[in-house]
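This is what each chain is made of:
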Amino acid sequence: MTSDHAFGSVRWLVQYEELHHHLRELPDVTDLRPPGAQFRITVCAGHLLLPWHYSSRGDVDIARTRPGRTLSRFARGLLALCGPEPRYQQDTLPLMPLSDQEADGRSELREALDRLPVEPKVLLIGYACNSEAGLLRVCWGEAALRGNGDLEWQHVEELPTPGDAAQGRRGVAA
């Protein structure tokens, strides 16, 4: 495309479908449609694969990225339910519970997750792209969600992009 229109709300929905489209033929790949969602989550060998557009530039290291508003409330909820525990977690204030909407969303999601054969883990599939250069970087890894909304990466690995294959490069572990 010649504009960034597809990199807004349309991209958010399509990223889930594209991830599933590219992985659906692999063994142990299924999907899970969260309650009320217009998309499905790809499940591979007990891992929920969550796509995350973390940058529009290829020189940005995913492990140093602060998610801010780019990581959806849905992804944060899944990380809170199924992600690894952070090494350090500040106690929450007793008078600051989840909002009713957040609590309802997490309970419905918990019910959907309980239908899976094993307790899933969350893997973030981070990618950097823009409308001019296309896909610049792809990484996957496990991250814990801290109380302040930042991610604490347990493991990150860079994956090769189609451009790497054309140029003879391979992904390197971060």
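Note that this is a predicted model, so its numbers are computed, not measured.

Here the focus is the overall build of the protein. Each helix and strand counted, the protein has four helices and six strands in total. Going from N to C terminus, the protein has its helices and strands arranged as α-β-β-β-α-α-β-β-β-α. Of the contacts formed within the protein by residues at least 6 apart in sequence, a portion of 55% connects residues at least 24 apart. When the accessible surface of the protein is summed, it comes to about 10,900 Å², and 52% of that surface belongs to carbon and sulfur atoms.

In this fold, Asp 150 is placed in the loop between β5 (134–145) and β6 (151–159). Given the relative accessible area of 14%, Asp 150 is considered buried. In terms of polar contacts, Asp 150 uses its side chain to reach the side chain of Arg 66, at 2.9 Å. Beyond its immediate sequence surroundings of up to four residues, Asp 150 is in contact with Arg 66, Pro 67, Ala 144 and Leu 145.

Attention shifts here to the sheet that holds strand β2 (residues 41–44). With mixed pairing, six strands are arranged side by side in an open sheet as β1-β2-β3-β4-β5-β6. Since the sheet does not close on itself, it has two edges, and those belong to β1 (29–32) and β6, each with one partner. Each strand axis lies, on average, 35° off the axis of its neighbour in the sheet, ignoring direction. Relative to β2, β1 is paired through four bridges, and the arrangement is antiparallel. Bridge pairing links Val 29 to Cys 44 in β2.

The next thing to look at is the pattern of salt bridges. Tallying each qualifying case throughout the model produces eight salt bridges. Note that Asp 61 and Arg 64 form a salt bridge whose closest N and O atoms lie 3.9 Å from each other. Note on Arg 64: relative accessible area 71%, which makes it exposed. Here Asp 150 and Arg 66 are joined by a salt bridge, their closest N and O atoms 2.9 Å apart. Here Asp 150, found in the loop between β5 and β6, pairs with Arg 66, found in the loop between β3 (47–55) and α2 (73–82); they are 84 residues apart in sequence, far enough to count as distant. In the salt-bridge network here, residues are joined through shared partners; they are Glu 17, Asp 31 and Arg 40.

Here we come to the nonpolar core. Membership of the largest hydrophobic core comes to 27 residues, with the highest contact counts inside it found for Leu 48, Leu 50, Trp 52, Leu 78, Leu 124, Leu 151 and Trp 153. Going through the elements one at a time, β2, β3, α2, β4 (121–130), β5 and β6 are the ones with two or more residues in this core. A per-element tally of this core places α2 first, with five residues.

Across the 10 residues that make up α2, a large majority, seven, are buried. Three or more residues of α2 are buried, namely Phe 74, Ala 75, Arg 76, Gly 77, Leu 78, Leu 79 and Cys 82.

Rules of the game
Residues numbered from 1 in each chain as written. Predicted model: local features only at pLDDT ≥ 70, side-chain atom pairs only at ≥ 80, totals over all residues. Heavy atoms only, no water. Helix = DSSP H or I, 4+ residues; strand = E, 2+ residues; numbered from the N terminus. Contact = heavy atoms within 4.5 Å. Areas by Shrake-Rupley, 256 points an atom, 1.4 Å probe, with all protein chains shown as cover. Buried < 20%, exposed > 50% of the residue type's maximum accessible area, 1.4 Å probe, protein only. Polar contact = N/O pair within 3.5 Å; in protein donor to acceptor, adjacent residues only side chain to side chain. Pairing = 2+ DSSP bridges. Axes fitted to C-alpha atoms, helices over the stretch in contact; angles between N-to-C directions. Salt bridge = Lys/Arg side-chain N within 4 Å of Asp/Glu carboxyl O. Core = buried A, V, L, I, M, F, W, Y, C linked by side-chain atoms within 4.5 Å.

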